[in-house]
Amino acid sequence: MDDLSAFWTAALRRLWGLDARLTRLDGEYDLNFLVHATNGQDYVLKVMRASCDADLVDLQIKALAHIASEAPGLPFPKVFPDLTGAMLPEIADSEGQRRLVWLLECLPGRCYAKAAPKSEELILKLGRVLGATDRALEGFEHEGLHRTGFKWDLMQAGWIADKLNAISDPARRALLTEICEGFAAIADVLADLPKQAIHNDANDYNILVEGELSERRRISGLIDLGDMCAAPRICDLAIAGAYVVLDHPKPERALAALVKGYHAANRLRADEVDLIWPLLKMRLAVSVVNSTLMAAENPDDPYVTISQAPAWRFLENTSVNGGLMSARLRAACGLPVVDGAERIHTYLQEHRGHFADMFGQDLGDVPMGSLSVENCVWPQDPFHMPLAEAARVGEEYGQDLWLGYYNEPRLIYAEPGFRKGPWKASDRRTVHLAVDVFAPAGTVLHAPMSGRVEVVENRDQHLDYGGVIILHHETPEGDPFYTLYGHLDPECCDRLKPGDPVAQGAAFARLGDAGQNGGWAPHVHFQLALTTDGMEADWPGVGDPDELELWHAVCPNPAALLNLPDDKVFYHPTDKADILHKRRAHFGGNLSLTYDDPVMLVRGWKHHLFDEWGRPYLDAYNNVPHVGHAHPRIQAVAADQLKRMNSNTRYLHPAQVEFADKILSKMPDQLQVCFFVNSGTEANELALRLARAHTGAKGIVTPDHGYHGNTNAAVAISAYKFNKPGGIGKADWVELVEVADDYRGSFRRDDADRAQKFADLVDPAIAALRDRGQGVAGFIAETFPSVGGQIIPPKGYLPAVYEKIRAAGGVCIADEVQTGLGRLGEYYFGFEHQGAVPDIVVMGKPIGNGHPLGVLVTTREIADSFNNGIEFFSTFGGSTLSCRIGKEVLDIVDDEGLQDNARRMGERLMAGLRQIEADFGCVGDVRGMGLFLGVELINPDGSEGTEICSYVKNRMRDHRILIGSEGPKDNILKIRPPLTIEAEDVDMILWALRDVLSEVGDFTPAPVCDHDHHHAGCGCC
Ligand SMILES: Cc1ncc(COP(=O)(O)O)c(C=O)c1O
């Protein structure tokens, strides 16, 4: 212990009667110690700088007492009196200087700056705490609150205007000048607001957050009241906002969550909400100016400049429109989105039925047509809308009048401009904020009410509006609102100009054809908006489904202006909660759902899926859609065959032999006979029958933790199922051998003989079956164990096992359901990697690309043994449709070079994963081949990181990436996408995984040790 700590340890004992160990904490001027007392409690001892103003500490102590009595649940530290009852004793330090000291409760949690993720839920909670704090402080008075010349009082922030010369970069100076002007413009409004005591410094180091991994995060502390002053409460919120937005991936949403939380605890008025954005920017401006000035005083302290970086990054890169920001924050509080919004709504309500008919006729009986994610398949590729498809959108609803919905999520807005991030699976704007009226090109439009032209232009870009008009209207009280008409004949640009009056009922435009209207089937996009703030340049006709609170308020349902009831045109996607509820009612509890918050998926394309709101997900998990979701060739073949006939194998059909030919062309020569069934399970069941028919024995040897299907016999050879708690247990005709896992198993990668040593474990299993009189019918294994943890057995393992099994009279069955058909990149089947030739190969899942199909291939000898006079028949196995689809899948793998794509993308993924493994302690191992990959997550002690894995899987879903988890302890991330995945998607997986793993926490793991084979210094034995 240093002298300083020793001195204060003694002082603590003397003053508070506490025995403790002291650890020095950071502090700019004061001495702060973390106190671990022998009574088991932690405290913070604050030794104020000599000459510290006692009033300012007294202010804090009284404020804490006030909050504790007004709102005892708020996370503020208690202050402990000394043995004499004094809250703030003063003593001489080791140099004889008088120092004020006080002792506070140490609150749990880590500082917000280091807490991740900074979810909107957490930020909302922070807002609540801050709002409740300001409420509690409302009646608090103290002389120390009135601080003149206090640079952190936002009311007095104008001081920076005179210091801008310190900023050498002219662009930055101009930016700050603009912010100062914005601040000056609100100064009067600010000055009129009531002042109260506020915390005034809810920065990211003064907020504490508790909760690890999947635990719900909560705000566990709001500390350091040293900057308290009297100011309008909105300053407190703006200051917290200034830190919440920094480096947040969605700063506008983060701020809205904060304000919403604050408002829930402490109701705000709209005029206050409008001040938040300019005040927030001003606080950041004060911060950068202050640190620039400090840097000039302390040129050798690089930290001063580094700490400015996030604020500059935010100020320089944000392109938020202030008006739209206010609208967003007002909407988050449920306040009128613009002044007068309620009057506009009342006006529209009252005049519904009295507006001029836009199409010269009543639209009440005109049918609706849905272009929703669920109801329509335009465009086939949701990432690209070809002009040919755009011009045909909705043709199924006919040529005459029909209406398109408001609030309808659609995938027709396919181009990158609708994406809100760099990836295909980034957030995307999908929800239609207007009503469409489809009608023949040339149809004349009448103005529903009088107004004047605000905008008239021709947006002639691909899939833009073509001719577009925005009209400005007013309520009788003078509240402005706007209507937009898109996809017009651009002739309107020659006739009209901004400012022109348009009378109610006037024919003012007509619908354009596809050549004039951006390329779409003729219709008008009719939208209502209460503001044009932030929308001038790029009027959003569709919104992000996760921001509808804002967009519904800014662009309300325009039905009234069409003299229609709101309900008629308002679209409701299928309600996920309702489906979940019904599913629970209709199905068994062990029909499990992935994710804490399950996803409902209604469309797919290649390796992406879409939920009912059109949110895209990168499918990095599903191997069934081997050649991609909704492959057009599979669609075509299925539709074609269903138009003709679909029968069974009792009749001849060329499709059966064509499919068999194709499969056998991929197989070693010995494997000559095919059986077609409906699933992997059925194929494995059949494999057992064949093996038994051929050998006359019953016993099966199989690796532990395997999975081969869901029927009685398939479960009996699936330790992954029968050995689970509640499982049926091991049958006496089954013997398990250890999985050849050279990361965690008995023989590790540093053992050159590990393949043989794992294979030797089969000997006692064979002996045990013989001892029990079962004999050896065969050995079955997933070639690369998947549910066992994406394991690649060491080369040579299978040939060595097969040799032993055959010597014992058994047959060797390779379950290639997971590994076959090119997924491994370098190999078409997993057994090729091993240099082994099985006697029976089982295929399933990917071979039908979603159509139920299983295939077994074996030798002529084994097939002959099975041919004992009893018919083999599977009604749907080998149906004409199945054979056509199966053959098409295999052809597509070849025609599109998907095996090679699996190799290339697998290498890219693996290279990135290896880098991640090097950078993150919680990644114990990465392994795999092609697009069959596993990432083993571990705890600091090297044990299986089950909780970490569950957290990562759920967080990857938050990033819109679907991956799975496997392994006996469910700690291995399973990455197994359709073979169509592209480089940018691989990069997204790697980026997101890095982001999520950085939330897990930093540690250097102990080496994995199995105790029997430990290495010197492993640290665990
Ligand atoms: C290796 C393996 N074999 C067999 C099966 C069973 O296939 P199915 O679900 O088509 O019956 C599975 C399914 O996950 C599997 O992974």
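So, here is what we can say about the structure in this document. Nothing here was measured: the structure is a model prediction, and the numbers come from that model.

1. Some words on the sheet that holds strand E7 (residues 110-111)
Next, step 1: One open sheet accounts for three strands, arranged E7-E9-E10; its pairing is antiparallel. Both edges of this open sheet fall to E7 and strand E10 (218-222), since each of them pairs with a single strand only.
Next, step 2: Pairing of E7 with strand E9 (residues 207-210), which is carried by two bridges, proceeds in the antiparallel orientation. Bridged to Cys111 within E9 is Leu208.
Next, step 3: Against the sheet, helix H3 (residues 120-137) makes contact with E9 and E10, and its axis sits at roughly 40° relative to E10, the strand it touches most.

2. Overview of the sheet that holds strand E30 (residues 778-782)
Next, step 1: Within the open sheet, the seven strands sit side by side as E27-E33-E32-E31-E30-E28-E29. Their pairing is mixed. Each of the sheet's edge strands pairs with one partner strand only, and the pair in question is strand E27 (671-677) and strand E29 (734-737). Across the sheet, the mean angle separating the axes of adjacent strands is 20° when strand polarity is ignored.
Next, step 2: The pairing of strand E28 (residues 700-703) with E29 spans four bridges and is parallel. Each residue of the ladder has a partner; that of Val701, found in E29, is Glu735.
Next, step 3: Across the sheet, helix H19 (residues 680-695) touches E27, E28, E30, strand E31 (811-815), strand E32 (840-843) and strand E33 (854-859), and the angle it forms with E32 is around 165°.

3. Notes on helix H17 (residues 632-644)
Next, step 1: Spanning 13 residues, H17 covers 19 Å between terminal C-alpha atoms, matching the ideal 18 Å at 1.5 Å per step.
Next, step 2: Ile634, Val637, Ala638 and Gln641 are the residues of H17 that are buried. Along the long axis of H17, the arc covered by the buried residues comes to 95°, so they all point the same way.
Next, step 3: Check the buried side of H17 and you find it contacts helix H27 (880-895).

4. Focus on the pairing of E10
Next, step 1: The buried fraction of E10 is high, at four of five residues.
Next, step 2: Sheet analysis places E9 next to E10, joined by four bridges and oriented antiparallel. Pairing of Ile207 across the sheet is with Leu222, part of E10.

5. A few points about the side chain of His263
Next, step 1: Inspection of the secondary structure assignment puts His263 in helix H6 (residues 251-265).
Next, step 2: Within the structure, the side chain of His263 is placed 2.9 Å from the backbone nitrogen of Leu268, a separation counted as a polar contact.
Next, step 3: At a separation of 3.1 Å, a polar atom in the side chain of His263 contacts the main-chain carbonyl oxygen of Cys333.
Next, step 4: Not counting residues within four places of it along the chain, the set of residues in contact with His263 comprises Leu268, Cys333 and Leu335.

6. Here we look at unusual backbone geometry
Next, step 1: In this model, Ala116 is joined to Pro117 through a cis peptide bond whose omega is 0°.
Next, step 2: In this fold, Pro117 is placed in the loop between E7 and H3.
Next, step 3: Following Trp378, the chain continues into Pro379 via a peptide bond in cis, with omega recorded as -15°.
Next, step 4: For Pro379, the position within the fold is in the loop between strand E12 (368-369) and helix H12 (387-390).
Next, step 5: The phi torsion at Asn407 lies on the positive side, around 65°, for a residue other than glycine.

7. Overview of the packing of helix H23 (residues 762-771) against helix H24 (residues 797-807)
Next, step 1: Put simply, H23 and H24 touch, their axes get as near as 10 Å, and they point 25° apart. In terms of orientation, H23 lies roughly parallel with respect to H24. Handedness of the crossing formed by H23 with H24: right-handed. Facing H23, whose interface residues are Val762, Asp763, Ile766 and Arg770, H24 presents Val801, Lys804, Ile805 and Ala807.

How each quantity is defined
Residues numbered from 1 in each chain as written. Predicted model: local features only at pLDDT ≥ 70, side-chain atom pairs only at ≥ 80, totals over all residues. Heavy atoms only, no water. Pairing = 2+ DSSP bridges. Helix = DSSP H or I, 4+ residues; strand = E, 2+ residues; numbered from the N terminus. Contact = heavy atoms within 4.5 Å. Axes fitted to C-alpha atoms, helices over the stretch in contact; angles between N-to-C directions. Expected span 1.5 Å × (residues − 1). Buried < 20%, exposed > 50% of the residue type's maximum accessible area, 1.4 Å probe, protein only. Arc of directions from axis to C-beta. Polar contact = N/O pair within 3.5 Å; in protein donor to acceptor, adjacent residues only side chain to side chain. Parallel < 35°, antiparallel > 145°, perpendicular 65-115°, else oblique. Left-handed = near helix turned anticlockwise from the far one by under 90°.

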